Structures are given as structure tokens and as C-alpha cells.
Amino acid sequence: MSYKPLKLWFNRDLAELLAMKIASVQPSFNSPDFIQEVDTSITDLELKDRIEIICDGIQKYLLGDYPAKVSVLLQILGPENEDETGMFKKYYWLMPIAKFVEKYGLDYYEHSIQAISEITKRNTGEYAIRPFLERYPDKTIPQLLEWSNNGNKHIRRLASEGGRPRLPWSKKLQQFIDDPEPLLPILENLKDDTSKYVQKSVANCINDILKDNPKIAKSLIGSWIPTATPQRKWIIKHAIRNLRKNNDTWALHVINNLI
């Protein structure tokens, strides 16, 4: 993919690509109208709005109820991403499908959770999972905990990234700003993860918690230090990077203890 702003990849060409993939599973899909509607609706729109236009087109023209529609979409996802990169390059075209699950799948928990787990193996489900955490915390938080032990690094990353209280470009999860304690067992499971991709997500989640609940985050970090592995040391250092830049006394003390 040659460089151009990400939003410009969400255009008529992408509508044609999605239409071709969907029609290979559902031949009755109205590809011409879908493509035309996307093409005439996205002019001058920014990235998130373009993604939503394509998502709404899928909802409008794909036949069947939500379970039937998501079944079709799962069949076009293609091979899993084996790398820790490429989710917003090679697999950018899946973003409207993740948005479809986020926007239209909230009443269909089991179907949507399965879809999110498959999407995140290629692109990311970190945005799609958040409405489910808000509506179904008693089911979705245990699901994140289960995912934190998954053999797939993308799913393990989703376990920490999806629950971030202040995930960029997304609505804040006020429930975890008020009380981040449910996230701690997930972070515990991931504290020695060998994937740098996962480590960065864990660090960013702790960094979020530090902003609103510093005592809880500092206690967590303190409990990790005595037996810190190289992976854990990296996570801690990255998690407290903002405090270190400000020469925070506690953060400097932590770094000294990690040497």
C-alpha cells in the first residue's frame, strides 16, 4: 500500500472490494447500489465518518437478520495476521466490519463476541468491545480475563487494550475510571507476556489508570517489582513514561529499583 492518509483508503475502491467479497458469499448482495451509495456519501468526510458510512451500507444492503449478516462477514475475513503489525495497513479494510459489530450487534452478545475475537486476529476489536463492556460487564469482563490467557497475541492484546479507561479515539470507559480493579487480574495475567505488542498495551492500560487512580496503579507496579522479569520491567518503564518525563519522585524511585 503506497502512502496516503488512512481516511482516503475508505473510498469507492474499498466499497468495490467489500462488495466483491460479500457477493462471493451472498450473490444476491446489491453491489451496484452499495458502491454508489458509499461513493456519493463519503465526499469531504473524515476517517471515522467514512468508516460509518460503509458500515451503514453493509447493514442496509446485506440480506438477513444480524446473525445471518455477521455470518457472511466472518466468511470474508481472510487469513489471520501472524505479525504484530499490519492491522491498519494490510487489514484496514476490516474496520467497517468491526464498526458494524459495534453498532448493530449489541443485542446479539454471543454472535458479536465471536465476531470481535475473529476480527481482532486480523485488525482490532478494541473499539467494538467497549459497548459490550458497558452493557454486559458481568459477562464481558470475564471474557477479557479468559482472552488474557489465549494463545493468540492479538486476542491477548485485546484483553488489555479493549478495557483501557482512556483509549485514544474512543469514548472513555467511565466504569473503569471510577473503579479499575476489574482490570487488574487481566493485567496480572499479561505482566510477563513475551509479545512486545501485548506489553505495550498493558503499559498503556496502566498509564491510563495512573491518570485517574494513581494509588491503585502504583500499588500494582510495586507488587511487580520484587520479581520483575525483563518483560515486566519494560512494561513498568513504559507505563510510567509520562511521570518520568516530569521527574516524578516516585517514578524515579521505581526506575532505580528496576536497575
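Up top you'll find the structure we're talking about.
Quick summary incoming for the structure in this document.

Definitions and limits used
Residues numbered from 1 in each chain as written. Predicted model: local features only at pLDDT ≥ 70, side-chain atom pairs only at ≥ 80, totals over all residues. Heavy atoms only, no water. Salt bridge = Lys/Arg side-chain N within 4 Å of Asp/Glu carboxyl O. Helix = DSSP H or I, 4+ residues; strand = E, 2+ residues; numbered from the N terminus. Buried < 20%, exposed > 50% of the residue type's maximum accessible area, 1.4 Å probe, protein only. Arc of directions from axis to C-beta. Contact = heavy atoms within 4.5 Å. Axes fitted to C-alpha atoms, helices over the stretch in contact; angles between N-to-C directions. Parallel < 35°, antiparallel > 145°, perpendicular 65-115°, else oblique. Left-handed = near helix turned anticlockwise from the far one by under 90°. Nonpolar A, V, L, I, M, F, W, Y, C, P; charged D, E, K, R; others polar. Phe/Tyr/Trp six-rings, centres within 6.5 Å; stacked < 30°, edge-to-face > 60°. Polar contact = N/O pair within 3.5 Å; in protein donor to acceptor, adjacent residues only side chain to side chain. Core = buried A, V, L, I, M, F, W, Y, C linked by side-chain atoms within 4.5 Å.

Opposite charge on two side chains permits pairing when their charged atoms draw close. Under the criterion given, the structure shown has 20 salt bridges. For R135, the salt bridge goes to D107, with nearest N and O atoms at 2.6 Å. Of this pair, R135 sits in helix α7 (residues 130–135) while D107 sits in the loop between α5 (95–104) and α6 (109–119), placing them 28 residues apart in sequence. On the accessibility criterion, D107 (58% relative accessible area) is exposed. Notably, a salt bridge pairs R156 with D193, separated by 2.5 Å at the nearest N-O pair. You can see R156 sitting in helix α9 (residues 153–161) and its partner D193 sitting in the loop between α11 (184–190) and α12 (196–212), a full 37 residues away along the chain. Residues R156 and D193 agree in their burial class; the two are buried.

For D44, which is not glycine, the phi dihedral falls at a positive 70°. For D44, the location among the structural elements is in the loop between α2 (31–41) and α3 (47–61). Of note in the backbone geometry, W169 takes a positive phi value of approximately 65° without being a glycine. Here W169 is to be found in the loop between α9 and α10 (174–178).

Among all positions in helix α8 (residues 137–147), only T140, I141, Q143, L144 and W147 are buried. Down the axis of α8, the buried set is contained in an arc of 155°. They therefore lie on one face. When the buried face of α8 is taken as reference, the exposed residues oriented beyond 90 degrees from it are D138 and E146. Looking at the buried residues of α8, the elements they touch are α6, α7, α9, α10 and α11.

At a minimum axis distance of 8 Å, the contact between α12 and helix α14 (residues 230–239) shows a crossing angle of 40°. When the interaxial angle is binned, α12 and α14 end up oblique. By crossing handedness, the relation of α12 to α14 is classed as right-handed. On α14, the residues that touch K196, Q199, K200, V202, A203, N204, I206, N207 and L210 of α12 are Q231, W234, I235, H238 and A239. A breakdown of the residues in the contact of α12 with α14 according to their chemical character gives 7 nonpolar, 5 polar and 2 charged.

Moving on to the packing of aromatic side chains. For the structure on display, the rule yields 10 aromatic pairs. Measuring from ring centre to ring centre gives 5.7 Å for F10 and Y92, while their planes differ by 90°; the resulting arrangement is edge-to-face. Of the two residues, F10 sits in the segment before α1 (12–25) while Y92 sits in the loop between α4 (66–74) and α5, which places them 82 residues apart along the sequence. With respect to class, F10 is no different from Y92; both count as buried. Their ring planes at 65° and their centres at 6.2 Å tell us that Y109 and F132 sit as a pair that is edge-to-face.

This paragraph deals with the environment of Y61. Tracing the sequence through the fold places Y61 in helix α3. Look past the residues within four positions of Y61 in its chain and what remains in contact with it is Q26, F29, N30, D33, F34 and E37. A distance of 2.6 Å separates a polar atom in the side chain of Y61 from a polar atom in the side chain of E37.

Counting residues in hydrophobic clusters, the biggest one holds 78 residues, and the most contacted among them are F34, I58, I97, W147, L187 and I206. Here this core takes 7 residues from α12, the largest share from any one element.

Along the chain, L258 falls in helix α16 (residues 249–258). The sequence separation of L258 and P131 amounts to 127 residues, and the corresponding C-alpha distance is 37 Å. The residues contacting L258, other than those within four sequence positions of it, are I225, A228, K233, I236 and K237.

Let us look at the side chain of R157. Mapped onto the secondary structure, R157 falls in helix α9. Within the structure, the side chain of R157 is placed 2.9 Å from the side chain of E126, a separation counted as a polar contact. The residues contacting R157, other than those within four sequence positions of it, are M87, T124, E126, G162, Y197, V198 and S201.

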